[in-house]
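Chain residues, written in single-letter form:
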Amino acid sequence: MKSRTAPVAFLRMLNSVYNKKQKPSTAGETTQSNKSWWKEGILYQIYLQSFKDTDGDGFGDLNGVVEKLDYLKSIGITMVWITPFLESPMVDNGYDVSDYKAIHPRYGTMEDFDRMIYGLHEREIKFVLDMVVNHSSDQHKWFKGASSSRDNEYYDYYHWWPAEKGEPPYRHSLFDPEGGWDYVEAVDAYYLHTFTGNQPDLNWENPKVRQEVYDIMKFWAEKGVDGFRMDAFQFVSKDTTWPEFPEGHEKDYVKWYGLRPELHGYLNEMYNKIIGKYNVFAVAEGTGSTFEDAHNLVDSDRNELQMAYHFDAVNLSQTPKGYSLLDFKGVFSKWDNAFSEKGWLAIYLSNHDNARLVSRFGNDSDDFRTVSTQLLNTFLMSMRGTPYLYYGDEIGMTNIDMPNIEEYTDIEAQGKYQSALKAGADMEEFINTLNYNSRENGRTPMQWDASENAGFTTGDPWRRVNPNYTEINVAKQKTDPNSVLSHFKRMTEVRKKNPVLVYGDYTLLLPEHEQVYAFARELDEDKILVLLNFSESESEIELVELQGLTSEKVVIDNYEGTAVEGTCITLRPYQAILFSLG
Ligand code: TEU
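Residues numbered from 1 in each chain as written. Predicted model: local features only at pLDDT ≥ 70, side-chain atom pairs only at ≥ 80, totals over all residues. Heavy atoms only, no water.

> Before we move on, can you summarise the overall build of the protein with the specific residues and values?
Summing up its helical and strand segments, the protein has 19 helices and 21 strands in all. Over its C-alpha atoms the protein spans a radius of gyration of 24 Å, differing by no more than 12% from the 25 Å that the globule rule assigns to 582 residues. A total of 582 residues make up the protein; the buried ones form 61% of that total. By sequence separation, contacts in the protein at least 24 residues apart represent 69% of the contacts at least 6 residues apart. A total of about 22000 Å² of accessible surface is found on the protein, and carbon and sulfur atoms cover 47% of it. Distance from the positive charge centre (58 side chains) to the negative charge centre (90 side chains) of the protein: 7 Å. (Helix = DSSP H or I, 4+ residues; strand = E, 2+ residues; numbered from the N terminus. Rg over C-alpha atoms; globule rule 2.2 N^0.38 Å. Buried < 20%, exposed > 50% of the residue type's maximum accessible area, 1.4 Å probe, protein only. Contact = heavy atoms within 4.5 Å. Areas by Shrake-Rupley, 256 points an atom, 1.4 Å probe, with all protein chains shown as cover. Lys, Arg positive; Asp, Glu negative; His and termini not counted. Charge placed at Lys NZ, Arg CZ, Asp CG, Glu CD.)

Written out as C-alpha cells, the structure reads:
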C-alpha cells in the first residue's frame, strides 16, 4: 500500500504542512455563519485494542487501522478518535499513561503512527488524540519520583495529604470502593486518585504540570493531530481545602468535584498556548452539572474548549428495564434548546465506556436488530451537534452475554462488584445489570468476516469475540443493500450533503408520543422532517408537515415503498425516514 512505504521523515513533514494549510478558523457558534470542519464532521471512535490485529498478538494495533483506511473512507466518516495507545502498564487499558510521547509496543511504533495519520489525512479524515491528563499512571517517572521523597522535583506534580495531619477527609473515588486517597510510606503521605490507585491525579494547580501538558499537546499537534479529546476533564482542578464529601452523594459526585472555577483560567491558558495557535479543536468528556457549566466550557467567546459531551443520554438506559422514549426526547430536546444559540455538543449513545448501541437503545433480537440499528444511526446523524459513532455500530454489533463475574477483566466492573458486595446489594440483580450495561460489552473485537475470530486476529484475541460474528460482520453486510452497513453509508452521505442537519434549528414534534420521535430541522430555505418509530409495532401518526409529501421527497428510509396519505403516515417497526420539506 502506498501509505505504508512512504519514508517517515517525509510523512512527518507532510503532516505538519497539512496541519498549517487545511485548518479553517474554529469559531464556535451554532449558526452557519460560524462554520467549522469539526461541526460538519462525522466522528468514528476506534477502540484500538479491538479493531484489527496485524501481528497476531491478539491485540488490535495501529497497522490494523492502516490496513482499514480504505474501509474508513468507504463508510463516509470524516474524523477518527482512537482510544489511548501510549506507553502504559494497562491497568485501565491505556487510560493510565506512563509516557505521553511514546507508543505502547503492543500497538506499534511511532513510525506506524506517522503512517496512520498520513493515510487518514490523505483520505481527508481528521485525527483526534485521547488526552488522559487528569491523572497519569503510577508508573510514570513523575509519580515514581514524587512518591520517593517529599523533596523530589515531581512531588508537587500530584496532590498529597501529609500523614502528620491525621487521616485525610473522605474522598469519593469513581473506581475504588475504598475511596480516593492511598498511603505511601516513603513520603508518609496520602495521594489523591479519582479513579484507581494506579491512576494518581495530576496537580493542575501547579503551573509546571500545566506546562508539561501543553508541551505534550504541542508535540502531538506538530505531528499533525487535528483535535484532542480531554479525558475526565471536568475533574482536573481540585478544591485543595479538601472539604468532606457529603454522605449519599455518590451519584452526583460531578457536582461536588466537577468544574472548579480555576479550571477556566487553565483552559484559557491552554487555548492561547495550543488550541488557538495550532488551530486544533478540543472536546471535553463531561460538562459539569448545569447548562451554564457546559456553556462556560465551550462557548466560542470563552476561548477555552470547542465541544463537550454530556452523560444524560447514556445514563438513561442502565438496567435491562431500558428507558422511556419520552425521557430520551426530553434529554436531547433540552440540550439542543440550551445550545441553540451558542456552543456546540457531541451527539452520541455509545462509546468505550458503554454497552452496545443496539442492545441498550434499540432491539437486538434477530427480527429487529437491523432496522433498529438503522434507526439509531439515522437519529445520531440527524441531530444538531457532531455525531460520535462507535466502531461496530455501523454493522449493529450487540452486547456479549457475560453472566459470570470471573469473566470481567475491566477494573471498573471489578470495583463496582466490590462496592456492591460491601453494600450488601442483591448480587443476582447486580450481575444482571452488569451484563446489560457493562462497558466490556462495547469492547469486543470488531467483526470483520465469518472466518475464525471474526477476521480480527490470527492469534488468541485479548477478549472473546461475540459468537454472533458469523451472522453480524462487515463482509456479509457489504454486499447487502439492506444491511446496517449499507444504510450507514447512505446516511453519512445524507449528513454530508445536507448542512441543514448540521446547523439547522431543531423543533420537536409530537412531544407526547410514546413510540415516535418526530422533529424538524430548518436552515434558511431547507427543511427536513425526521420520523423515527422507536417501537416494534406499527405507529400511525398525523402531522400537518406531511401534507402533499410524495416518495420523491424521501431523503432516506430504512424501508421501501412508504406512502403518505394526506397528513397521515403509518410507520413500520423501527422505521426511520427523512423527508425534505424544502
Ligand atoms: O472516563 C471518565 C469517567 O467519568 C468514567 O467514570 C466513566 O464515566 C465510566 O468509565 C463509565 O463507565 C474516562 C474514560 O473514558 C474511561 O474509559 C477511563 O476509565 C477513565 O476516564 C479513567 O481514565
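> Provide a residue-level description of the sheet that holds strand 13 (residues 386-390), including the pertinent values.
Spatially, the 8 strands line up as an open sheet ordered 11-10-9-5-2-1-13-12, and their pairing is parallel. Strands with a single pairing partner mark the edges of an open sheet, and in this sheet they are strand 11 (307-309) and strand 12 (346-347). Bridge count for strand 10 (residues 281-285) against strand 11 is 3 bridges, and the pairing is parallel. Considered in strand 11, the bridge of Glu285 is made with Tyr309. (Pairing = 2+ DSSP bridges.)

> For helix 10 (residues 262-278), give the residues involved together with the corresponding values.
Compared with the 24 Å implied by 1.5 Å per residue over 17 residues, the 24 Å span of helix 10 between its first and last C-alpha is a close match. Buried within helix 10 we find Leu263, His264, Tyr266, Leu267, Met270, Tyr271, Ile274, Ile275 and Tyr278. Backbone geometry just downstream of helix 10 places Asn279 in the positive-phi region, at approximately 55°. (Expected span 1.5 Å × (residues − 1).)

> Give a detailed account of helix 18 (residues 484-497), specifying residues and quantitative values.
Its 14 residues give helix 18 an end-to-end C-alpha distance of 20 Å, which sits within 8% of 20 Å, the value for a rise of 1.5 Å per residue. For helix 18, every residue scored as buried is listed here: Val484, Leu485, Ser486, His487, Phe488, Met491, Thr492, Val494 and Arg495.

> Describe the pattern of salt bridges, with residues and values.
Considering all chains together, one arrives at 31 salt bridges under this definition. A salt bridge links Lys223 to Asp114, with the shortest nitrogen-to-oxygen separation between them at 2.8 Å. Here Lys223, found in the loop between helix 8 (207-222) and strand 9 (227-230), pairs with Asp114, found in helix 6 (residues 110-122); they are 109 residues apart in sequence, far enough to count as distant. Judged by its relative accessible area of 0%, Asp114 is buried. A salt bridge links Arg123 to Glu122; the nearest nitrogen and oxygen atoms lie 3.5 Å apart. Taking the relative accessible area as the measure of exposure, Arg123 reaches 12% and is therefore buried. Overall, Glu122 belongs to the partly exposed group, its relative accessible area being 33%. Among the charged side chains, a salt-bridge network with shared partners connects Asp92, Asp353, Asp410, Glu412, Arg439 and Arg443. (Salt bridge = Lys/Arg side-chain N within 4 Å of Asp/Glu carboxyl O.)

> Requested: an account of empty space enclosed by the protein, with residues and values cited.
Under the defined criterion, the tally for this structure stands at 4 cavities of 30 Å³ or more. What the largest cavity holds in volume is close to 70 Å³. Every residue along the wall of the largest cavity is listed here: His310, Phe332, Trp335, Asp336, Leu345, Ala346, Ile347, Met383 and Arg384. Elements that contribute at least two residues to the lining of the largest cavity include exactly helix 12 (325-338) and strand 12. Here the lining of the largest cavity gets 3 residues from one element, more than from any other, and that element is helix 12. Considered class by class, the residues forming the lining of the largest cavity number 6 nonpolar, 1 polar and 2 charged. (1 Å grid on protein atoms, 1.4 Å probe; cavity = no way out; pocket = protein on both sides within 12 Å on 5 of 7 lines; lining within 4 Å. Points joined across faces, edges and corners; volume = space filled by probe spheres on them. Nonpolar A, V, L, I, M, F, W, Y, C, P; charged D, E, K, R; others polar.)

Bear in mind that shape data such as this cannot, by itself, settle questions of function.
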